[in-house]
Amino acid sequence: MKKQIALLMGAFLACCLLTACDRKTQNTDGAPADGVLVAYFSCTGTTEDVAEKIASKTGGTLFEIVPAVPYTAADLDYNSDCRANREQNDPAARPALAQTADTDGYDVVFLGYPIWWAQAPKIIYTFLESGDFSGKTIVPFCTSGSSGVGSSATNLHPLAKNANWLDGKRFPAGAPSSAVDTWVDSLGLDFKTDESGQTEQIFLTVGGRKIAVKLEHNVATDALVGLLKEGDVTYTAHEYGGFEMVGSLGRSLPRDDAQTTTGAGDVVLYEGDRIVLFYGSNAWSYTRIGKVQGVSEAEWREILTQAASLTVTVGLQ
């Protein structure tokens, strides 16, 4: 076939070892909004967990804020003169990003981070200074062992002066979905599925990364969502042709095939029972499933080409 603490640095890394799409919304002024972006920085997965729950609740697109130079364990040893401590003590520190976010088309941005010495990590400063958030609503959230969101959020306001900032929220490690949902509901933002009530995205976990896929609406994706409501599906994908990874779902889905020229990031159904993840391009008859979100073509290619075969898990969250 063709085809990253949430940790406490208020007590900073005391918590380090414990912690580290497009749907229509309505802004608080009642104006229609185009979509929700859930951008987050996470080293141990705690902030990522909350971000995923927000995305599931709102239908938002996940974007992981990744440093160009990853943080090592030594970088996070707050009892030493570590990198993280030096950055937090330096007002001018702006760790470089591996990738900037395209915020066009998003009117609401949830911004997540762990608490480091009662503040947001300096990479969040970089993120805000690297984008245009004029007119957008920014909703901060943080994770920590005990410290609240406090001034960590208000100190970010000058970095996006023309944005509408809402009050932030702190979550502990392992915050239940119900707590996240209750907070999101309290914001006064109207998150909806589209008029048909259809699910807007699914998630692929591959190569150690969880990636959102914005869905097409057709008989195949309807059936796939129905299948995933019963539980996640895991399969093995194999490299083929130097441009795709393909694997069998173990069952057939209804097809809506059409002659299609694919591109990097496309996810399609082939012959009803095989999922194809493209990091290159091909022309063939496929049923389109969707498009990966929040990763560049280069990142996606790197994820898919790290081995000749990969385990892929497909789920609704």
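Computed from a prediction, not measured in an experiment: that's the story for all the values here. (Residues numbered from 1 in each chain as written. Predicted model: local features only at pLDDT ≥ 70, side-chain atom pairs only at ≥ 80, totals over all residues. Heavy atoms only, no water.)

## Thoughts on the overall build of the protein
Then step 1. Secondary structure summary: the protein contains 7 helices and 18 strands in total.
Then step 2. Per-residue burial for the protein yields a buried fraction of 53% across its 317 residues.
Then step 3. In the form shown here, the protein has an accessible surface area of approximately 12900 Å², with 47% of it arising from carbon and sulfur atoms. (Helix = DSSP H or I, 4+ residues; strand = E, 2+ residues; numbered from the N terminus. Buried < 20%, exposed > 50% of the residue type's maximum accessible area, 1.4 Å probe, protein only. Areas by Shrake-Rupley, 256 points an atom, 1.4 Å probe, with all protein chains shown as cover.)

## Let's talk about the packing of aromatic side chains
Then step 1. One pass over the full model with this rule turns up 12 aromatic pairs.
Then step 2. Taken together, a centroid distance of 6.3 Å and an interplanar angle of 5 degrees make the contact between phenylalanine 243 and phenylalanine 278 stacked. Of this pair, phenylalanine 243 sits in the loop between strand S12 (233-240) and strand S13 (244-248) while phenylalanine 278 sits in strand S16 (residues 274-278), and the two are 35 residues apart along the sequence.
Then step 3. Given the relative accessible area of 0%, phenylalanine 278 is considered buried. (Phe/Tyr/Trp six-rings, centres within 6.5 Å; stacked < 30°, edge-to-face > 60°.)

## Quick word on empty space enclosed by the protein
Then step 1. The calculated volume of the largest cavity comes to roughly 30 Å³.
Then step 2. Lining the largest cavity are Thr100, Ala101, Thr103, Phe127, Ser130, Gly131 and Phe133.
Then step 3. Of the residues assigned to the lining of the largest cavity, the class counts are 3 nonpolar, 4 polar and no charged. (1 Å grid on protein atoms, 1.4 Å probe; cavity = no way out; pocket = protein on both sides within 12 Å on 5 of 7 lines; lining within 4 Å. Points joined across faces, edges and corners; volume = space filled by probe spheres on them. Nonpolar A, V, L, I, M, F, W, Y, C, P; charged D, E, K, R; others polar.)

## Things to note about the pairing of strand S5 (residues 61-64)
Then step 1. Along S5, one buried face is formed by Thr61 and Phe63 and the opposite face, lined by Leu62 and Glu64, is buried too.
Then step 2. Sheet analysis places strand S4 (residues 36-40) next to S5, joined by 4 bridges and oriented parallel. Each residue of the ladder has a partner; that of leucine 37, found in S5, is threonine 61.
Then step 3. Tracing the backbone out of S4, into helix H1 (residues 46-58) and back to the parallel element S5 gives a crossover that is right-handed. (Pairing = 2+ DSSP bridges. Right-handed = clockwise from strand over helix to strand, strands pointing away.)

## With respect to helix H6 (residues 219-228)
Then step 1. Taken together, the buried positions of H6 are Ala220, Thr221, Leu224, Val225, Leu227 and Leu228. Take H6 and look down its axis: the buried residues cluster within an arc of 160 degrees, on one side only. (Arc of directions from axis to C-beta.)

## Details of the pattern of salt bridges
Then step 1. Evaluation of the coordinates by the stated rule reveals 12 salt bridges.
Then step 2. Linking lysine 53 and aspartate 49 is a salt bridge whose minimum nitrogen-to-oxygen distance equals 3.0 Å. Of this pair, lysine 53 and aspartate 49 both sit in helix H1, 4 residues apart, which is roughly one turn of the helix.
Then step 3. Given the relative accessible area of 25%, aspartate 49 is considered partly exposed.
Then step 4. Among the salt bridges present, the one from arginine 83 reaches glutamate 87, with a minimum N-O distance of 3.0 Å. Of the two residues, arginine 83 and glutamate 87 both sit in helix H2 (residues 83-89), 4 residues apart, roughly one turn of that helix. (Salt bridge = Lys/Arg side-chain N within 4 Å of Asp/Glu carboxyl O.)

## Considering the nonpolar core
Then step 1. Formed by 32 residues in total, the largest nonpolar core has its most connected members in Ile65, Leu111, Tyr113, Ile124, Phe127, Leu128 and Leu156.
Then step 2. Every element with two or more residues in this core is listed here: S4, strand S6 (108-116), helix H3 (122-129) and strand S7 (137-143).
Then step 3. Ranked by size, the runner-up nonpolar core spans 31 residues in total, among them Ile211, Val233, Leu249 and Leu304. (Core = buried A, V, L, I, M, F, W, Y, C linked by side-chain atoms within 4.5 Å.)

## Remarks on H3
Then step 1. The buried count for H3 comes to 7 of 8 residues, which makes it a mostly enclosed element.
Then step 2. Taken as a whole, H3 has its buried residues at Lys122, Ile123, Ile124, Tyr125, Thr126, Phe127 and Leu128.
Then step 3. Tucked into the core, H3 has its buried residues touching S4, S5, H2, S6, S7 and strand S8 (164-165). (Contact = heavy atoms within 4.5 Å.)

## Some points on the confidence of the model for the protein
Then step 1. Taken as a whole, the protein shows an average pLDDT of 83; of its residues, 86% reach a score of 70 or greater.
Then step 2. Of the regions scoring below 50 in pLDDT, residues 1-33 engages in 161 contacts with residues more than four places distant in sequence or in other chains. (pLDDT = per-residue confidence, 0-100.)

## Side note on the packing of H1 against helix H5 (residues 177-186)
Then step 1. Running from amino to carboxyl end, H1 crosses H5 at an angle of 55 degrees, the nearest separation of the two axes being 9 Å. Our classification of the angle between H1 and H5 gives oblique. As for the relative orientation of H1 and H5, their crossing is right-handed in sense. Residues Val50, Lys53, Ile54, Lys57 and Thr58 of H1 lie in contact with H5, whose contacting residues are Ser177, Val180, Asp181, Trp183, Val184 and Asp185.
Then step 2. Grouping the constituent residues of the contact of H1 with H5 by class yields 5 nonpolar, 2 polar and 4 charged. (Axes fitted to C-alpha atoms, helices over the stretch in contact; angles between N-to-C directions. Parallel < 35°, antiparallel > 145°, perpendicular 65-115°, else oblique. Left-handed = near helix turned anticlockwise from the far one by under 90°.)

## Describing the environment of alanine 163
Then step 1. Assignment of secondary structure puts alanine 163 in the loop between helix H4 (150-154) and S8.
Then step 2. For the pair formed by alanine 163 and aspartate 132, sequence separation is 31 residues and the distance between their alpha carbons is 9.0 Å.
Then step 3. With residues up to four places along the chain from it excluded, the contact list for alanine 163 reads Phe133, Gly135, Lys136 and Ile138.

## A few points about the side chain of threonine 262
Then step 1. Tracing the backbone shows threonine 262 in the loop between strand S14 (258-261) and strand S15 (266-270).
Then step 2. Among residues more than four places away in sequence, those in contact with threonine 262 are Val268, Phe278, Gly280, Ser281, Asn282, Tyr286 and Arg288.

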